[in-house]
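The primary structure of each chain is shown beneath.
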Amino acid sequence: MPAKVRVQTTINGEQVEFLCEPRQSLLECLRDILGLTGTKEGCNDGNCGACTVMLDDRVVTSCLVLGVEAEGAQITTIEGIAKGSELHPLQRSFLENAALQCGICTPGFIVAAKALLDHEPNPTEDQIRLWLANNLCRCTGYDKIIHAVQQAAAYSREVRA
Amino acid sequence: MSTQQYTVVGTRPIRHDGVDKVTGRAQYGADFQMAGLLYGYVLRSPHAHARIKRIDTTKAEKFPGVKAVVIAADFPPTPERLVDLGEGDTPLSYARGNVLAGSKALYRGHAVAVVAATSVHIAEEAAGLIEVDYEVLPAVLTAPEAMQEGAAILHDDLKTKEFGEQTGRVSNVAEHFRHTMGDVAAGFAEADVVIEREFNTSTVHQGYIEPHNATALWNSDGRILVWCSTQGAFVVRDVTACLLDIPVSHVKVTPMEIGGGFGGKIPVYIEPVAALLSKKTGKPVKIVMSRKDVFEGTGPTPGSHIQVKIGARKDGRITAAQAYLAYEAGAYPGAMVGPGAMCVFAAYDIPNVVIDGFDVVVNKPSTAAYRAPGATNAAFATETVLDEIAEKLGIDPLDLRLKNAAREGTRRADGPKYRRIGCVEVIEAMKNHPHYSTPLVGPNRGRGVAIGFWFNIGLPSSCTISVNADGTVNLVEGSTDIGGTRTSIAMQAAEVLGIPAEDVCPTVVDTDSIGFTAVTGGSRTTFATGWAAYEAAQDVVRQLKERAAKLWQTDTASVNFERGVFRSSDKSMTFRELAVQIDQTGGPVVGRGAVNPRGAGGSFSGNIVDVEVDPETGKVTILRFTAVQDVGKAIHPSYVEGQMQGGSAQGIGWALNEEYYMSRDGAMMNSSLLDYRMPTALDLPMIDTVIVEVPNPGHPFGVRGVGEANIVPPPAAIANAIYRAAGVRMRRLPMNPPAIMEAIWSQRD
């Protein structure tokens, strides 16, 4: 069995230290070592987006990142999107728009959509579809997800106004 | 149409499990953890058809970290009998054989052995050390191929059943059945136009994002505990008990949150194996499939070979219809050709019909249900033939359908007569929709329509409701919540109790804690478990009337209850005011509902779709899509729309891209989500929905169920649109760019 490596990183604003095998993905480390199971595994080869997290300022599929690459990084997972008990506007709008059915893809969509809104607070429908094109949803046909992101953008505009 | 006024039914409350699912707190099967957990890895056959001559697990068992290995021989030798796998009876040997291959591997991906180790990586490495001697056999991959004289035979003991009788003939055709009505020869003779076409559709997968997973603990007291992702916890319980030859009461299944199923999470694959490994090791064992395992080792929906012939008079009246449906069951009998045959002409009133169905085994994964199983393949054929007839006769395609639409009293060729149905209302809603009358401009563009039918089912459901002293209630039920049904069920209880949906706290519980409840499937959950909740709520009302009578020192019969208020002469009390006093009036109030409803109401759906076909590349872009469906009564319209949009999206994927791309020797060449191309957000437009409500007389609120009929029309509607855009009639699925280019080129030749 390969020797374990110590990794020091920051997850959802908290400093975290863990031991992992060099072959373990960041997704595995989050889920199996750190108990952050909100990040989901759908394919383990970067094609479904259920494991989407922020690594510094990049949107990544955590199954394609090694745990050791988290060293010194700032990671945001679905567990870090709400401010304490206050839901993020995207989380509220997903609920209000019924933008989830089974919910397995929802964490990945919310992380990816937050990255979009942080980058572009007033996205067009095409921009939303492009930014979410790496996240597969098999239940909704995306319609209500797109509407939820549009509404969250509107919420955020209200807050700023 | 629905006119009844409700206070909760038809509103759009936030779903009860919503916050957990947007914050990542909801516990899905793969999230389950417990102390001492071992991890399983499944070794699968690399051959589509092979005799397994020897399995040697010695080296794997000695690998550091490995705790146990199981193969088929580890199952107890139970005598053959029929078992219910959630959607009908199957011989036990087939159910067991699909979980772990015995003397033969019948498809590439067929499970052969399973290793339990301290980590999944160790289990995977060790599985590579298992030696399996295969004698590779010729594989048959399509129904026409498997039906040929001299084709390689999958099961030496499979004898064709023909028209209900055993023939004694060993073949790959498990069953051939026929439905007849009237006289087709006379019907076709009467027709002014007769069109006959042949169709082929590829195997496609349900494509749920969450892979199958299960954790099992075979406890020292002889009881097995299972935590898994399933559409039916009671099916997992029953099949596990059956394969391991122990009483059902010794298995407790806790359904975790489920990440999609669409029918594919009804069969049981890994739970009994995890239990066997747990028995060998004394520890809990967890197995999680990879995406490749999901594609190669779980049941997709059948590929099919279909011929449809329809005749009509000049005025558009259909005089006769004939269908030949050969569906690929995969490795074990049970292709969904039965429902396909019942649905193929189900939307129409046709006097003369013959339908032949063939259930054919092939060397591909054993198929499972997929959203209106069998109906989409069949509708692709019927609805495109009808489009040709409409064109030939110069009749508007919706008018042609309206003229022949099934109505209350129409008899289907397989026997039943319809009760009140909404086929006509769906077609009229399509005709009246602005999408249908808006001109479609631009080159290479076309509009198509199609309709579809699915039965929906009843089956048993149980529910209990206990009253809390603060005027809320706890609702306990056994239906996996796959898309918001906790809420659609809770809303029906709330409607009866006259309280807000938010005052009902619904929980889906394990198989020890609720009465038997059949699978979440067949669009039955809001219909049947909703009905159980309705009954449980009525029971609560009955008991609370007694309490009110006690408080008011009057007759129970004199107490009325309406819209959340109990009344007797001049006295009145709200549900909440009475709930506060339940302790003083006799203690807890618990209502129960246990139903096995017969009144499932079929659902019709229709699509209007605009496409653009790129004549250079064959790529089809969906420009506009409208889905219309009769749902009986929409309990929570947002989630009803969601079902319609989701079914449409899956139908679009099936139409345009999705397929099991097989090598000649039976290997799936595209077993990843990169190469098995499901629609992304970029591939689809907004999906417009029209909810039609023709109440189902067989349900207290008129619910029909909405989960399935919506996937039936999209491939046909898109094919019809492609014809108008590019001038080619597509008769195979998927209609991907190569298929379209081939059609365009062959037309030019």
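See the structure shown above.
In this text the structure is predicted, and so the values were computed from the model without any measurement.

Participant: How should I be thinking about the overall build of chain A in this particular structure?
Facilitator: The helix and strand inventory of chain A stands at five helices and five strands. Reading chain A from its N end, one meets helices and strands in the order β-β-α-β-β-β-α-α-α-α. Relative to the compact-globule value of 15 Å for 161 residues, chain A shows a C-alpha radius of gyration of 16 Å, a close match. Counting only C-alpha atoms, chain A reaches 50 × 35 × 25 Å along its principal axes. Split into buried and exposed, the 161 residues of chain A put 60% on the buried side. Within chain A, contacts between residues at least 6 apart in sequence are counted, and of these 54% link residues at least 24 apart. Accessible surface for chain A amounts to roughly 6500 Å². Of this, 47% is attributable to carbon and sulfur atoms. Placing the 14 positive and 20 negative side-chain charges of chain A at their respective mean positions leaves the two points 3 Å apart.

Participant: Please explain the sheet that holds strand β3 (residues 66–71) of chain B as it appears in this structure.
Facilitator: Think of a sheet as strands paired side by side through backbone hydrogen bonds, with each pair either parallel or antiparallel. Residue and element names in this part refer to chain B. Strand order in this open sheet of seven strands is β3-β7-β1-β16-β13-β14-β15, and the pairing throughout is mixed. On the outer flanks of this sheet lie β3 and β15 (251–255), each paired with one strand and no other. Within the sheet, the average angular offset between the axes of one strand and its neighbour, ignoring direction, is 20°. Packed on one face of the sheet, helix α4 (residues 120–127) meets β1 (38–44), β3 and β7 (111–117) and runs near 30° to β1. Here helix α7 (residues 233–244) sits on the sheet in contact with β13 (213–218), β14 (224–228) and β15, set at roughly 150° to β15.

Participant: Would you take a moment to explain the packing of aromatic side chains for this structure?
Facilitator: Here the distance between the centres and the angle between the planes together describe a pair of aromatic rings. Residue and element names in this part refer to chain B. Tallying each qualifying case throughout the model produces 19 aromatic pairs over all chains. Measuring from ring centre to ring centre gives 4.9 Å for Phe295 and Tyr676, while their planes differ by 45°; the resulting arrangement is tilted. Of the two residues, Phe295 sits in helix α9 (residues 291–297) while Tyr676 sits in the loop between α18 (637–656) and β30 (687–692), which places them 381 residues apart along the sequence. Residue Phe295 shares its accessibility class with Tyr676, and that shared class is buried. Between Phe527 and Trp531, the aromatic rings sit 6.0 Å apart at their centres with planes inclined by 85°, giving edge-to-face as the arrangement. Within this pair, Phe527 and its partner Trp531 are both found in helix α16 (residues 525–552), separated by four residues, close to a single helical turn. For the pair shown, Phe527 and Trp531 are each scored as buried. Here a set of aromatic residues connected by ring pairs shows up, and it is made of Tyr418, Phe453, Trp454, Phe455 and Phe604.

Participant: Just checking my understanding: could you explain the interface of chain A and chain B for this structure?
Facilitator: For an interface, size is often stated in terms of accessible area lost upon the parts coming together. Listed as interface residues are 48 residues of chain A and, on the opposing side, 55 residues of chain B. In total, about 4200 Å² of surface goes out of reach between chain A and chain B, with carbon and sulfur atoms giving 59% of it. Along the contact surface separating chain A from chain B lie five salt bridges. Arg31(A) is paired through a salt bridge with Asp31(B); the nearest N and O atoms lie 2.8 Å apart. Put simply, chain A and chain B have 25 residue pairs in polar contact (both at pLDDT 80 or more) between them. Looking at the side of chain A that touches chain B, the elements with two or more residues in it are α1 (26–33), α2 (89–96), α3 (106–119), α4 (125–131) and α5 (143–160) of chain A. If you tally residues by element for the side of chain A that touches chain B, the top one is α5(A), at five residues.

Participant: I keep staring at unusual backbone geometry and nothing clicks. Help me out?
Facilitator: Excluding glycine, a negative phi dihedral is what most residues carry, and trans is how most peptide bonds are arranged. Here Leu733(B) and Pro734(B) are connected by a cis peptide whose omega angle stands at 0°. Inspection of the secondary structure puts Pro734(B) in the loop between β31 (732–733) and α20 (737–748). A positive phi angle is found at Asn44(A), which is not glycine, with a value near 65°. One can find Asn44(A) in the loop between α1 and β3 (52–55).

Participant: Explain empty space enclosed by the protein to me, please; I cannot follow it from the model alone.
Facilitator: Where empty space is left becomes clear once a probe the size of a water molecule has been rolled over the atoms. Residue and element names in this part refer to chain B. A full pass over the atoms with the stated rule returns ten cavities of 30 Å³ or more. When its volume is computed, the largest cavity comes out at roughly 550 Å³. What lines the largest cavity is a set of 37 residues, and nearest its centre among them are Ile482, Ser523, Gln643, Val706 and Gly707. Elements that contribute at least two residues to the lining of the largest cavity include exactly α15 (485–497), α16 and α18. The greatest single-element share of the lining of the largest cavity, amounting to three residues, is contributed by α18.

Participant: Would you mind showing me how to read α7(B) here?
Facilitator: The α-helix winds at 3.6 residues per turn, so residues separated by three or four positions along the chain end up facing the same way. Residue and element names in this part refer to chain B. Helix length check: α7, at twelve residues, gives a terminal C-alpha distance of 16 Å against a target of 16 Å (1.5 Å per residue), a fit within 8%. Counting buried positions along α7 yields eleven of twelve residues, so the element is predominantly enclosed. Of all the positions in α7, only Ala233, Phe234, Val235, Val236, Arg237, Val239, Thr240, Ala241, Cys242, Leu243 and Leu244 are classed as buried. The secondary structure elements touched by the buried residues of α7 are β4 (82–84), α3 (92–99), β13, β14, β15 and α8 (271–281). Looking at the residues trailing α7, positive phi occurs at Asp245, about 60°.

Participant: Help me out: how do you make sense of the environment of Asp510(B) in this one?
Facilitator: All names here are of chain B. Relative to the helices and strands, Asp510 resides in the loop between β23 (504–508) and α16. Asp510 sits in the buried class, given a relative accessible area of 12%. With 94 residues separating them along the chain, Asp510 and Pro416 place their C-alpha atoms 36 Å apart. Residues contacting Asp510, with those up to four places away along its chain left out, are Lys252, Val253, Thr254 and Pro255. At 2.8 Å, the side chain of Asp510 and the backbone nitrogen of Asp512 are in polar contact. For Asp510, the side chain forms a polar contact with the side chain of Ser513, separated by 3.0 Å.

Participant: Which parts of the structure should I look at to understand the sheet that holds strand β26 (residues 571–574) of chain B?
Facilitator: Residue and element names in this part refer to chain B. Read from one edge to the other, the open sheet built from three strands follows the order β24-β25-β26, with strand pairing classed as antiparallel. On the outer flanks of this sheet lie β24 (560–562) and β26, each paired with one strand and no other. The mean inter-strand angle of the sheet, taken between neighbouring strand axes irrespective of direction, is 20°. Pairing of strand β25 (residues 565–568) with β26 involves four bridges; the strand directions are antiparallel. Paired with Phe566 across the two strands is Met573, which belongs to β26. Most of the contacts of α16 go to β25, to which it runs at about 45°, and overall it touches β24, β25 and β26.

Quick notes on the rules
- Residue numbering note: each chain is counted from 1, following its sequence as written.
- Whichever chain is written first is A, and whichever ligand is written first is 1; the rest continue in order.
- Only residues with pLDDT of at least 70 get local features here, since the model is predicted, and only at 80 or more are side-chain atom pairs given and counted; chain-wide, interface and lining totals rely on the full set of residues.
- Side-chain numbers here rest on the full set of heavy atoms in the structure, without hydrogens or water.
- Labels follow the DSSP assignment, with helices taken as runs of H or I lasting at least four residues and strands as runs of E lasting at least two, numbered in each case from the N terminus.
- Here the radius of gyration uses the C-alpha set of atoms, whereas the globule reference equals 2.2 Å times the residue count to the power 0.38.
- With a 1.4 Å probe rolled over the protein chains alone, any residue whose accessible area is under 20% of its type maximum counts as buried; one over 50% counts as exposed, and the rest are partly exposed.
- Throughout, a residue-residue contact means that at least one pair of heavy atoms, one from each residue, lies within 4.5 Å.
- Accessibility throughout is a Shrake-Rupley quantity obtained with a 1.4 Å probe, and a residue counts as covered only by protein chains that appear here.
- Charge assignment: positive for Lys and Arg, negative for Asp and Glu; neither His nor the chain ends contribute.
- Each charge is placed at NZ for Lys, CZ for Arg, CG for Asp and CD for Glu.
- One bridge is not enough; two strands pair if DSSP finds at least two bridges between them.
- Axis definition: a line fitted to C-alpha atoms, over the contacting stretch in the case of helices. Angles run 0 to 180 degrees between N-to-C directions.
- Two rings from Phe, Tyr or Trp (for Trp, the six-membered ring) form a pair when their centres sit within 6.5 Å of each other. Planes less than 30 degrees apart are called stacked, planes more than 60 degrees apart edge-to-face, and all others tilted.
- Defined here as a combined quantity, buried area equals the accessible surface (1.4 Å probe) lost by two parts on assembly, summed across both.
- The rule for a salt bridge is simple: a side-chain nitrogen of Lys or Arg has to be within 4 Å of a carboxyl oxygen of Asp or Glu.
- Whenever a nitrogen or oxygen atom comes within 3.5 Å of another N or O atom, the pair is scored as a polar contact, on the condition that within protein one atom can donate a hydrogen and the other can accept it, and that pairs from neighbouring residues in sequence are kept only if both atoms are in side chains.
- Cavities and pockets are found on a 1 Å grid laid over the protein atoms alone: a cavity is a set of points where a 1.4 Å probe fits but cannot escape, a pocket is an open set with protein on both sides within 12 Å along at least five of seven lines, and a lining residue has an atom within 4 Å of such a point.
- Grid points are joined across faces, edges and corners, and a volume is the space filled by probe spheres set on the points.
- The span one expects for a helix is its residue count, reduced by one, times 1.5 Å.

Remember, this is a structural readout, not a statement about activity or role.
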